[in-house]
Amino acid sequence: MERTRIAYQASLEFARQMDRQDPLKQFRSHFHLPQQPNGQPCLYFCGNSLGLQPRGVRAAVEEVLHDWERMGVEGHFHARHPWMPYHEFLTRAMAGVVGARPQEVVVMNTLTVNLHLMMVSFYRPSPQRHKILIEYDAFPSDKYAVESQIRFHGYDPAEALIELRPRPGEACLRMEDIAEVIESQGNEIALILFGVTNYYTGQLLDMQAITRLGHAQGCVVGFDCAHGAGNVPLQLHQSGADFAVWCSYKYLNSGPGSLAGCFVHERHAHQPDLPRFAGWWGHNKQTRFQMRHAFDPIPGAEGWQLSNPPILSMAAIRASLELFEQAGMDQLRQKALLLTGYLEYLIDELKDERIHLITPRDPQARGCQLSVQVRNAGKQLFERLTAQGVVADWREPDVIRLAPVPLYNSFEDVYTFSTIFNNVLQA
Ligand SMILES: *Cc1c(COP(=O)(O)O)cnc(C)c1O
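The structure displayed is predicted, hence computed values, not measured ones.

(A) Structural detail: the overall build of the protein. Along its length, the protein carries 14 helices and 13 strands. Here the C-alpha radius of gyration of the protein, 22 Å, is about what a compact globule of 427 residues would show, namely 22 Å. Along the longest, intermediate and shortest principal axes, the C-alpha atoms of the protein span 70 × 60 × 40 Å. Put simply, the protein has 427 residues, and 57% of those count as buried. Within the protein, contacts between residues separated by at least 24 positions form 70% of all contacts whose residues are at least 6 apart in sequence. Accessible surface, the protein as shown: approximately 18500 Å² in total, 51% of it carbon and sulfur. Considering the protein, the positive charge centre built from 39 side chains and the negative charge centre built from 46 side chains are found 3 Å apart.

Okay, structure coming up:
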(Lines give C-alpha, C1' and ligand atoms only; values in the text may rest on other atoms or scores of the structure.)
Protein backbone atom coordinates (compact mmCIF):
# COMPACT_ATOMS: atom_id res chain seq x y z
CA MET A 1 0.00 0.00 0.00
CA GLU A 2 1.35 3.39 -0.91
CA ARG A 3 0.80 5.92 1.82
CA THR A 4 1.06 9.12 -0.12
CA ARG A 5 -2.02 10.94 1.17
CA ILE A 6 -0.73 12.24 4.40
CA ALA A 7 -1.56 15.46 6.20
CA TYR A 8 1.79 17.16 5.81
CA GLN A 9 2.68 20.22 7.85
CA ALA A 10 5.23 22.90 7.05
CA SER A 11 7.05 22.85 10.37
CA LEU A 12 10.32 21.64 11.76
CA GLU A 13 8.43 19.80 14.49
CA PHE A 14 6.45 17.84 11.91
CA ALA A 15 9.57 17.01 9.88
CA ARG A 16 11.32 15.73 12.98
CA GLN A 17 8.30 13.66 13.90
CA MET A 18 8.39 12.05 10.45
CA ASP A 19 12.09 11.29 10.93
CA ARG A 20 11.42 9.68 14.30
CA GLN A 21 8.79 7.40 12.72
CA ASP A 22 10.95 6.53 9.72
CA PRO A 23 11.81 2.80 9.74
CA LEU A 24 14.88 3.52 7.56
CA LYS A 25 16.21 6.38 9.66
CA GLN A 26 19.36 4.60 10.79
CA PHE A 27 20.65 4.27 7.21
CA ARG A 28 21.70 7.93 7.13
CA SER A 29 24.43 7.11 9.62
CA HIS A 30 25.89 4.63 7.12
CA PHE A 31 26.92 7.48 4.79
CA HIS A 32 29.48 10.26 4.72
CA LEU A 33 27.61 13.54 4.35
CA PRO A 34 29.69 16.25 2.64
CA GLN A 35 30.41 19.23 4.87
CA GLN A 36 30.01 22.94 4.36
CA PRO A 37 32.99 25.20 5.10
CA ASN A 38 31.41 25.94 8.51
CA GLY A 39 31.53 22.26 9.41
CA GLN A 40 27.78 21.69 9.09
CA PRO A 41 26.60 18.86 6.82
CA CYS A 42 25.39 19.94 3.39
CA LEU A 43 21.79 19.52 2.33
CA TYR A 44 22.64 16.93 -0.30
CA PHE A 45 20.02 16.48 -3.02
CA CYS A 46 22.33 15.28 -5.79
CA GLY A 47 22.07 11.52 -5.32
CA ASN A 48 20.61 11.38 -8.83
CA SER A 49 23.98 12.55 -10.12
CA LEU A 50 26.51 11.09 -7.67
CA GLY A 51 25.37 9.11 -4.67
CA LEU A 52 27.12 9.60 -1.33
CA GLN A 53 29.84 7.31 -0.06
CA PRO A 54 28.65 4.50 2.20
CA ARG A 55 30.90 4.24 5.24
CA GLY A 56 31.43 0.53 4.48
CA VAL A 57 33.16 1.27 1.17
CA ARG A 58 36.53 2.06 2.71
CA ALA A 59 36.81 -1.30 4.48
CA ALA A 60 35.71 -3.20 1.38
CA VAL A 61 38.29 -1.42 -0.79
CA GLU A 62 41.01 -1.78 1.85
CA GLU A 63 40.29 -5.49 2.03
CA VAL A 64 41.17 -5.79 -1.66
CA LEU A 65 44.28 -3.61 -1.29
CA HIS A 66 45.42 -5.63 1.65
CA ASP A 67 44.85 -8.99 -0.02
CA TRP A 68 46.73 -7.81 -3.09
CA GLU A 69 49.54 -6.59 -0.84
CA ARG A 70 49.84 -9.94 0.92
CA MET A 71 49.05 -12.38 -1.86
CA GLY A 72 49.76 -10.89 -5.25
CA VAL A 73 48.32 -13.08 -7.95
CA GLU A 74 47.08 -15.66 -5.43
CA GLY A 75 44.32 -13.21 -4.55
CA HIS A 76 42.45 -14.35 -7.65
CA PHE A 77 41.64 -17.55 -5.75
CA HIS A 78 42.52 -16.92 -2.11
CA ALA A 79 41.51 -13.35 -1.32
CA ARG A 80 38.79 -13.06 1.32
CA HIS A 81 36.50 -12.34 -1.60
CA PRO A 82 38.43 -14.04 -4.43
CA TRP A 83 38.84 -11.85 -7.49
CA MET A 84 38.12 -14.53 -10.07
CA PRO A 85 34.42 -14.77 -9.24
CA TYR A 86 34.18 -11.29 -7.64
CA HIS A 87 31.41 -10.06 -9.94
CA GLU A 88 29.29 -12.98 -8.76
CA PHE A 89 29.25 -11.51 -5.24
CA LEU A 90 27.26 -8.59 -6.64
CA THR A 91 24.71 -10.49 -8.66
CA ARG A 92 22.09 -11.42 -6.10
CA ALA A 93 21.82 -7.95 -4.63
CA MET A 94 21.91 -6.19 -7.98
CA ALA A 95 19.26 -8.52 -9.39
CA GLY A 96 17.13 -7.69 -6.35
CA VAL A 97 17.50 -3.95 -6.90
CA VAL A 98 16.31 -4.12 -10.50
CA GLY A 99 13.79 -6.97 -10.18
CA ALA A 100 15.62 -9.48 -12.35
CA ARG A 101 16.64 -13.13 -12.11
CA PRO A 102 20.31 -13.62 -11.22
CA GLN A 103 21.15 -15.07 -14.62
CA GLU A 104 19.78 -11.94 -16.28
CA VAL A 105 22.15 -9.50 -14.55
CA VAL A 106 25.84 -8.76 -14.66
CA VAL A 107 27.98 -5.87 -13.40
CA MET A 108 30.58 -4.90 -16.01
CA ASN A 109 32.10 -1.97 -17.92
CA THR A 110 30.38 1.39 -17.81
CA LEU A 111 26.92 2.40 -18.92
CA THR A 112 27.57 3.70 -22.43
CA VAL A 113 29.87 0.75 -23.15
CA ASN A 114 27.12 -1.64 -22.11
CA LEU A 115 24.61 0.22 -24.23
CA HIS A 116 26.85 -0.29 -27.26
CA LEU A 117 27.37 -3.97 -26.45
CA MET A 118 23.63 -4.44 -26.14
CA MET A 119 23.03 -2.71 -29.47
CA VAL A 120 25.61 -4.93 -31.14
CA SER A 121 23.40 -7.86 -30.18
CA PHE A 122 19.95 -6.31 -30.25
CA TYR A 123 20.01 -3.58 -32.88
CA ARG A 124 19.94 -5.72 -36.01
CA PRO A 125 18.67 -3.37 -38.70
CA SER A 126 17.45 -4.37 -42.14
CA PRO A 127 16.48 -2.10 -45.04
CA GLN A 128 12.79 -2.47 -44.12
CA ARG A 129 13.28 -2.14 -40.38
CA HIS A 130 16.20 -0.05 -39.23
CA LYS A 131 14.79 2.82 -37.17
CA ILE A 132 15.45 3.53 -33.51
CA LEU A 133 12.86 5.25 -31.32
CA ILE A 134 14.10 7.32 -28.37
CA GLU A 135 12.74 10.21 -26.35
CA TYR A 136 13.53 13.67 -27.70
CA ASP A 137 15.20 14.73 -24.49
CA ALA A 138 17.35 11.61 -24.15
CA PHE A 139 20.58 11.85 -22.19
CA PRO A 140 23.28 13.04 -24.63
CA SER A 141 25.46 9.93 -24.30
CA ASP A 142 22.53 7.69 -25.24
CA LYS A 143 21.78 9.85 -28.23
CA TYR A 144 25.39 9.78 -29.44
CA ALA A 145 25.46 6.02 -28.93
CA VAL A 146 22.34 5.32 -30.99
CA GLU A 147 23.32 7.78 -33.74
CA SER A 148 26.73 6.17 -34.06
CA GLN A 149 25.20 2.69 -34.18
CA ILE A 150 22.86 3.81 -36.95
CA ARG A 151 25.79 5.21 -38.96
CA PHE A 152 27.86 2.11 -38.22
CA HIS A 153 25.20 0.06 -40.01
CA GLY A 154 25.23 2.43 -42.98
CA TYR A 155 22.02 4.35 -42.26
CA ASP A 156 21.43 8.04 -41.71
CA PRO A 157 20.24 9.20 -38.27
CA ALA A 158 18.32 12.04 -39.93
CA GLU A 159 16.02 9.41 -41.39
CA ALA A 160 16.47 6.48 -39.02
CA LEU A 161 16.29 8.13 -35.60
CA ILE A 162 12.80 8.92 -34.30
CA GLU A 163 12.91 11.32 -31.36
CA LEU A 164 9.55 11.47 -29.64
CA ARG A 165 8.74 14.94 -28.31
CA PRO A 166 6.28 15.86 -25.59
CA ARG A 167 3.27 17.86 -26.83
CA PRO A 168 3.80 21.59 -27.25
CA GLY A 169 3.77 23.29 -23.86
CA GLU A 170 4.32 19.97 -22.03
CA ALA A 171 7.54 18.60 -20.54
CA CYS A 172 6.65 14.92 -20.14
CA LEU A 173 5.66 12.24 -22.59
CA ARG A 174 2.15 10.86 -22.70
CA MET A 175 1.68 7.13 -22.90
CA GLU A 176 -0.90 7.52 -25.68
CA ASP A 177 1.68 9.37 -27.80
CA ILE A 178 4.23 6.63 -27.21
CA ALA A 179 1.61 4.08 -28.23
CA GLU A 180 0.69 6.09 -31.31
CA VAL A 181 4.21 6.26 -32.70
CA ILE A 182 4.87 2.57 -31.99
CA GLU A 183 1.60 1.51 -33.59
CA SER A 184 1.95 3.74 -36.65
CA GLN A 185 5.68 3.26 -37.37
CA GLY A 186 6.45 0.03 -35.51
CA ASN A 187 7.03 -2.04 -38.64
CA GLU A 188 10.02 0.20 -39.48
CA ILE A 189 11.39 0.37 -35.92
CA ALA A 190 14.18 -2.07 -35.07
CA LEU A 191 14.81 -0.82 -31.54
CA ILE A 192 12.89 1.15 -28.94
CA LEU A 193 15.13 2.66 -26.27
CA PHE A 194 13.75 4.84 -23.48
CA GLY A 195 15.19 6.09 -20.24
CA VAL A 196 12.92 4.47 -17.66
CA THR A 197 13.18 7.62 -15.55
CA ASN A 198 14.02 10.70 -17.57
CA TYR A 199 17.14 12.40 -16.25
CA TYR A 200 15.71 15.87 -16.82
CA THR A 201 12.01 15.67 -15.97
CA GLY A 202 12.16 12.76 -13.54
CA GLN A 203 9.24 11.15 -15.38
CA LEU A 204 8.94 7.40 -14.76
CA LEU A 205 7.68 5.41 -17.73
CA ASP A 206 5.71 2.16 -17.69
CA MET A 207 8.29 -0.33 -18.98
CA GLN A 208 5.87 -3.19 -19.21
CA ALA A 209 3.35 -1.26 -21.30
CA ILE A 210 6.03 0.05 -23.67
CA THR A 211 7.56 -3.40 -24.02
CA ARG A 212 4.21 -4.94 -24.81
CA LEU A 213 3.49 -2.32 -27.47
CA GLY A 214 6.94 -2.71 -29.01
CA HIS A 215 6.92 -6.48 -29.06
CA ALA A 216 3.47 -6.49 -30.65
CA GLN A 217 5.07 -4.65 -33.59
CA GLY A 218 8.13 -6.89 -33.73
CA CYS A 219 10.52 -4.31 -32.23
CA VAL A 220 13.31 -5.00 -29.77
CA VAL A 221 12.79 -3.02 -26.55
CA GLY A 222 15.57 -1.83 -24.26
CA PHE A 223 15.76 0.63 -21.36
CA ASP A 224 18.35 2.91 -19.90
CA CYS A 225 17.80 2.63 -16.17
CA ALA A 226 20.54 5.04 -15.05
CA HIS A 227 18.00 7.15 -13.16
CA GLY A 228 15.81 4.22 -12.20
CA ALA A 229 18.15 1.69 -10.58
CA GLY A 230 18.10 2.13 -6.81
CA ASN A 231 15.45 4.82 -7.19
CA VAL A 232 12.28 2.93 -8.10
CA PRO A 233 11.45 -0.80 -8.00
CA LEU A 234 11.98 -1.77 -11.64
CA GLN A 235 10.72 -5.34 -12.18
CA LEU A 236 12.93 -5.76 -15.23
CA HIS A 237 12.20 -9.45 -15.68
CA GLN A 238 8.46 -9.00 -15.49
CA SER A 239 8.56 -6.02 -17.84
CA GLY A 240 9.65 -8.40 -20.59
CA ALA A 241 12.22 -5.91 -21.91
CA ASP A 242 14.96 -7.44 -24.03
CA PHE A 243 17.81 -5.60 -22.33
CA ALA A 244 18.59 -2.79 -19.93
CA VAL A 245 21.68 -0.89 -18.78
CA TRP A 246 22.36 1.37 -15.81
CA CYS A 247 25.25 2.93 -13.92
CA SER A 248 26.03 2.38 -10.25
CA TYR A 249 27.25 5.82 -9.20
CA LYS A 250 23.90 7.66 -9.06
CA TYR A 251 21.26 6.18 -6.73
CA LEU A 252 23.46 3.11 -6.23
CA ASN A 253 26.20 5.07 -4.40
CA SER A 254 29.15 3.11 -5.75
CA GLY A 255 31.57 5.92 -6.49
CA PRO A 256 32.51 8.15 -9.42
CA GLY A 257 32.82 6.26 -12.70
CA SER A 258 32.07 2.95 -11.02
CA LEU A 259 31.00 -0.09 -13.01
CA ALA A 260 27.61 -0.44 -14.62
CA GLY A 261 24.82 -2.98 -14.66
CA CYS A 262 23.47 -4.89 -17.61
CA PHE A 263 20.27 -6.93 -17.95
CA VAL A 264 19.57 -9.43 -20.71
CA HIS A 265 16.17 -11.08 -20.49
CA GLU A 266 16.39 -14.82 -19.92
CA ARG A 267 14.72 -15.53 -23.26
CA HIS A 268 18.08 -14.54 -24.79
CA ALA A 269 20.17 -16.52 -22.30
CA HIS A 270 20.76 -19.55 -24.47
CA GLN A 271 21.45 -18.09 -27.88
CA PRO A 272 25.19 -18.57 -28.41
CA ASP A 273 24.75 -17.53 -32.05
CA LEU A 274 23.42 -14.07 -31.18
CA PRO A 275 25.92 -11.61 -32.68
CA ARG A 276 28.02 -10.07 -29.96
CA PHE A 277 31.39 -8.56 -29.27
CA ALA A 278 33.21 -11.13 -27.18
CA GLY A 279 36.01 -11.24 -24.64
CA TRP A 280 37.50 -13.93 -22.42
CA TRP A 281 35.42 -13.04 -19.33
CA GLY A 282 32.26 -13.98 -21.23
CA HIS A 283 33.65 -17.41 -22.03
CA ASN A 284 32.69 -20.67 -20.32
CA LYS A 285 34.29 -20.56 -16.87
CA GLN A 286 35.47 -24.19 -17.06
CA THR A 287 37.63 -23.62 -20.11
CA ARG A 288 38.44 -19.90 -19.82
CA PHE A 289 42.09 -20.48 -19.03
CA GLN A 290 42.67 -23.17 -21.64
CA MET A 291 43.23 -20.36 -24.10
CA ARG A 292 42.70 -22.32 -27.32
CA HIS A 293 38.99 -23.01 -27.16
CA ALA A 294 36.57 -21.44 -29.59
CA PHE A 295 34.43 -18.78 -27.85
CA ASP A 296 31.76 -20.50 -25.81
CA PRO A 297 29.59 -17.84 -24.15
CA ILE A 298 28.36 -18.28 -20.59
CA PRO A 299 24.56 -18.56 -20.74
CA GLY A 300 22.85 -15.38 -19.56
CA ALA A 301 24.08 -11.85 -19.06
CA GLU A 302 27.55 -12.96 -17.94
CA GLY A 303 28.19 -14.09 -21.49
CA TRP A 304 28.48 -10.43 -22.55
CA GLN A 305 31.46 -9.71 -20.27
CA LEU A 306 34.69 -8.72 -21.97
CA SER A 307 37.51 -8.21 -19.48
CA ASN A 308 38.45 -9.25 -16.01
CA PRO A 309 36.94 -6.38 -14.05
CA PRO A 310 38.43 -3.70 -11.76
CA ILE A 311 38.05 -5.31 -8.34
CA LEU A 312 38.62 -2.07 -6.39
CA SER A 313 35.55 -0.60 -7.99
CA MET A 314 33.55 -3.77 -7.47
CA ALA A 315 34.45 -3.67 -3.79
CA ALA A 316 32.71 -0.32 -3.50
CA ILE A 317 29.64 -1.70 -5.24
CA ARG A 318 29.60 -4.69 -2.91
CA ALA A 319 29.59 -2.46 0.16
CA SER A 320 26.89 -0.25 -1.26
CA LEU A 321 24.62 -3.09 -2.34
CA GLU A 322 24.69 -4.52 1.19
CA LEU A 323 22.73 -1.47 2.30
CA PHE A 324 20.15 -2.00 -0.43
CA GLU A 325 19.71 -5.60 0.64
CA GLN A 326 19.20 -4.50 4.24
CA ALA A 327 16.80 -1.70 3.43
CA GLY A 328 14.89 -3.38 0.58
CA MET A 329 13.63 -1.58 -2.53
CA ASP A 330 10.00 -1.71 -1.43
CA GLN A 331 10.74 -0.01 1.88
CA LEU A 332 12.90 2.55 0.10
CA ARG A 333 10.06 3.26 -2.31
CA GLN A 334 7.60 3.72 0.55
CA LYS A 335 9.86 6.31 2.14
CA ALA A 336 10.62 7.97 -1.20
CA LEU A 337 6.93 8.50 -1.83
CA LEU A 338 6.59 10.25 1.52
CA LEU A 339 9.82 12.21 1.27
CA THR A 340 9.36 13.43 -2.30
CA GLY A 341 5.71 14.11 -1.53
CA TYR A 342 6.82 16.25 1.39
CA LEU A 343 9.21 18.24 -0.81
CA GLU A 344 6.42 18.77 -3.35
CA TYR A 345 4.04 19.92 -0.59
CA LEU A 346 6.56 22.38 0.86
CA ILE A 347 7.36 23.83 -2.57
CA ASP A 348 3.63 24.26 -3.24
CA GLU A 349 3.25 25.95 0.14
CA LEU A 350 5.71 28.63 -0.95
CA LYS A 351 2.93 29.75 -3.31
CA ASP A 352 5.39 31.42 -5.65
CA GLU A 353 3.94 31.99 -9.10
CA ARG A 354 7.32 31.67 -10.77
CA ILE A 355 7.61 28.06 -9.66
CA HIS A 356 6.48 25.30 -11.95
CA LEU A 357 7.03 21.62 -11.32
CA ILE A 358 8.18 19.83 -14.49
CA THR A 359 8.09 16.39 -12.87
CA PRO A 360 4.72 14.59 -13.00
CA ARG A 361 2.41 15.24 -10.03
CA ASP A 362 1.36 11.59 -10.02
CA PRO A 363 3.66 9.77 -7.54
CA GLN A 364 3.40 6.62 -9.70
CA ALA A 365 4.89 8.53 -12.63
CA ARG A 366 8.08 9.64 -10.90
CA GLY A 367 10.85 8.52 -8.56
CA CYS A 368 12.68 10.65 -5.97
CA GLN A 369 13.58 13.54 -8.21
CA LEU A 370 11.65 16.78 -8.57
CA SER A 371 12.65 19.15 -11.37
CA VAL A 372 11.63 22.63 -10.32
CA GLN A 373 11.45 25.40 -12.87
CA VAL A 374 11.76 28.94 -11.47
CA ARG A 375 10.79 31.23 -14.34
CA ASN A 376 13.13 34.19 -14.90
CA ALA A 377 15.20 33.12 -11.94
CA GLY A 378 18.67 33.19 -13.38
CA LYS A 379 21.58 31.26 -12.06
CA GLN A 380 22.11 33.64 -9.08
CA LEU A 381 19.17 31.93 -7.40
CA PHE A 382 20.93 28.62 -7.62
CA GLU A 383 24.22 30.12 -6.50
CA ARG A 384 22.54 31.53 -3.41
CA LEU A 385 21.18 28.09 -2.58
CA THR A 386 24.66 26.64 -2.99
CA ALA A 387 26.15 29.29 -0.71
CA GLN A 388 23.75 28.15 1.99
CA GLY A 389 24.86 24.55 1.82
CA VAL A 390 22.32 23.14 -0.64
CA VAL A 391 23.84 20.69 -3.11
CA ALA A 392 21.49 20.36 -6.06
CA ASP A 393 21.79 20.55 -9.81
CA TRP A 394 21.11 23.44 -12.17
CA ARG A 395 20.00 23.02 -15.77
CA GLU A 396 19.99 26.05 -18.03
CA PRO A 397 17.98 28.12 -18.39
CA ASP A 398 15.94 27.84 -15.18
CA VAL A 399 15.54 24.32 -13.75
CA ILE A 400 16.74 23.01 -10.39
CA ARG A 401 16.81 19.25 -9.99
CA LEU A 402 16.41 18.01 -6.43
CA ALA A 403 16.56 14.38 -5.39
CA PRO A 404 15.73 13.59 -1.76
CA VAL A 405 17.13 10.09 -1.46
CA PRO A 406 15.43 7.79 1.07
CA LEU A 407 18.65 6.04 2.14
CA TYR A 408 20.27 9.18 3.53
CA ASN A 409 18.03 12.22 3.26
CA SER A 410 15.73 13.15 6.11
CA PHE A 411 12.43 14.98 6.33
CA GLU A 412 14.32 17.64 8.25
CA ASP A 413 16.69 18.07 5.26
CA VAL A 414 13.67 18.67 3.06
CA TYR A 415 12.08 21.10 5.49
CA THR A 416 15.32 23.05 5.99
CA PHE A 417 15.75 23.25 2.24
CA SER A 418 12.28 24.76 1.88
CA THR A 419 13.07 27.53 4.37
CA ILE A 420 16.33 28.35 2.55
CA PHE A 421 14.55 28.24 -0.81
CA ASN A 422 11.90 30.60 0.52
CA ASN A 423 14.52 33.10 1.73
CA VAL A 424 16.38 32.97 -1.54
CA LEU A 425 13.18 33.50 -3.53
CA GLN A 426 12.31 36.55 -1.43
CA ALA A 427 15.79 38.07 -1.79
C1 LIG B 1 24.26 9.17 -16.12
C2 LIG B 1 23.80 8.71 -17.46
C3 LIG B 1 24.71 8.29 -18.44
C4 LIG B 1 26.20 8.32 -18.21
O5 LIG B 1 26.86 7.39 -18.98
P6 LIG B 1 28.31 6.83 -18.55
O7 LIG B 1 28.62 5.88 -19.62
O8 LIG B 1 28.16 6.20 -17.18
O9 LIG B 1 29.25 7.99 -18.49
C10 LIG B 1 24.20 7.84 -19.65
N11 LIG B 1 22.87 7.82 -19.89
C12 LIG B 1 21.98 8.23 -18.97
C13 LIG B 1 20.51 8.19 -19.26
C14 LIG B 1 22.41 8.70 -17.74
O15 LIG B 1 21.52 9.12 -16.83
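Having seen the model, we can carry on.
(B) Quick peek at the sheet that holds strand β12 (residues 393-395). A sheet is described by the order of its strands in space; here 4 strands give the open sequence β9-β10-β13-β12, paired in antiparallel fashion. Looking at strand neighbours, the two that pair on one side only are β9 (355-357) and β12, the edges of this open sheet. Taken over all neighbouring pairs, the strand axes of this sheet differ in orientation by 30 degrees on average, direction set aside. For β12 and strand β13 (residues 399-402), the ladder comprises 3 bridges, and the chain directions are antiparallel. Each residue of the ladder has a partner; that of Asp393, found in β13, is Arg401. The strands touched by helix α12 (residues 329-349) within the sheet are β9, β10 (370-374) and β13, with β10 carrying the most contacts at an inclination of about 15 degrees. Across the sheet, helix α14 (residues 411-426) is in contact with β9, β10 and β13; its angle to β10 comes to roughly 15 degrees.

(C) Structural view of the domain arrangement of the protein. Splitting the protein by domain gives domain 1 (3-54 + 328-426) and domain 2 (85-325). Computed over C-alpha atoms only, the centres of domain 1 and domain 2 are separated by 29 Å. On the side of domain 2, 25 residues touch domain 1, which itself brings 32 residues to the contact. Contact between domain 1 and domain 2 buries roughly 2300 Å² in total, counting both sides, with carbon and sulfur atoms accounting for 62%. For the pair domain 1 and domain 2, the interface holds 0 salt bridges.

(D) Broad picture of a nonpolar patch on the surface. A cluster of nonpolar side chains, namely Leu65, Trp68 and Leu312, defines an oily patch on the protein surface of about 300 Å² accessible area. Tracing the backbone shows Leu312 in helix α11 (residues 311-327). Under the relative-accessibility criterion, Leu312 is labelled partly exposed at 37%.

(E) Representation of the site of the ligand. As a structural note, the neighbourhood of the ligand is formed by Leu111, Thr112, Phe139, Asp142, Asp224, Ala226, His227, Tyr249 and Lys250. Tyr249 is positioned with one of its side-chain polar atoms (N or O) 2.6 Å from an oxygen atom of the ligand. In this structure, Lys250 approaches the ligand through a side-chain N or O atom, which is 2.5 Å from an oxygen atom. Relative to its unbound accessible area of 390 Å², the ligand is 81% covered by the protein chains. Residue classes in the shell around the ligand are distributed as 4 nonpolar, 2 polar and 3 charged.

(F) Structural view of the nonpolar core. Phe194, Phe223 and Trp246 are the most contacted members of the largest nonpolar core, which totals 71 residues. At 10 residues, α11 tops the list of elements feeding residues into this core. Counting contributing residues per domain, this core is built from domain 1 (3-54 + 328-426) and domain 2 (85-325), each supplying no fewer than three. If we ignore the near neighbours within four places in the chain, the residues touching Phe223 are Leu193, Phe194, Val196, Met207, Ile210, Thr211, Ala241, Phe243, Ala244 and Val245. Within the second largest apolar cluster, 35 residues are counted, among which are Tyr342, Leu346, Leu402 and Tyr415.

(G) Main features of the environment of Ser11. Within the secondary structure, Ser11 sits in the segment before α1 (12-21). For Ser11, a relative accessible area of 22% corresponds to the partly exposed category. Separated by 240 residues in sequence, Ser11 and Tyr251 have C-alpha atoms that sit 28 Å apart. Within the local environment of Ser11, its side chain forms a polar contact with the backbone nitrogen of Phe14, the two atoms lying 3.0 Å apart.

(H) How the structure looks around the packing of helix α13 (residues 379-387) against α14. Remark: α13 packs on α14, axes separated minimally by 10 Å, with the N-to-C direction vectors making an angle of 135 degrees. With respect to α14, the axis of α13 lies oblique. Here α13 and α14 pass one another in a crossing that is right-handed. Taking contact as the criterion, the partners of Leu381, Arg384 and Leu385 in α13 are, on α14, Phe417, Ile420, Phe421, Val424 and Leu425. Classifying every residue of the contact of α13 with α14 gives 7 nonpolar, no polar and 1 charged.

Cut-offs and rules
Residues numbered from 1 in each chain as written. Predicted model: local features only at pLDDT ≥ 70, side-chain atom pairs only at ≥ 80, totals over all residues. Heavy atoms only, no water. Helix = DSSP H or I, 4+ residues; strand = E, 2+ residues; numbered from the N terminus. Rg over C-alpha atoms; globule rule 2.2 N^0.38 Å. Buried < 20%, exposed > 50% of the residue type's maximum accessible area, 1.4 Å probe, protein only. Contact = heavy atoms within 4.5 Å. Areas by Shrake-Rupley, 256 points an atom, 1.4 Å probe, with all protein chains shown as cover. Lys, Arg positive; Asp, Glu negative; His and termini not counted. Charge placed at Lys NZ, Arg CZ, Asp CG, Glu CD. Pairing = 2+ DSSP bridges. Axes fitted to C-alpha atoms, helices over the stretch in contact; angles between N-to-C directions. Domains from an automatic or database assignment. Buried area = accessible area lost by both parts, 1.4 Å probe. Salt bridge = Lys/Arg side-chain N within 4 Å of Asp/Glu carboxyl O. Patch = residues over 30% accessible without salt bridge, like charges linked within 9 Å, V, L, I, M, F, W, Y side chains within 5 Å. Near = heavy atom within 4 Å. Polar contact = N/O pair within 3.5 Å; in protein donor to acceptor, adjacent residues only side chain to side chain. Nonpolar A, V, L, I, M, F, W, Y, C, P; charged D, E, K, R; others polar. Core = buried A, V, L, I, M, F, W, Y, C linked by side-chain atoms within 4.5 Å. Parallel < 35°, antiparallel > 145°, perpendicular 65-115°, else oblique. Left-handed = near helix turned anticlockwise from the far one by under 90°.

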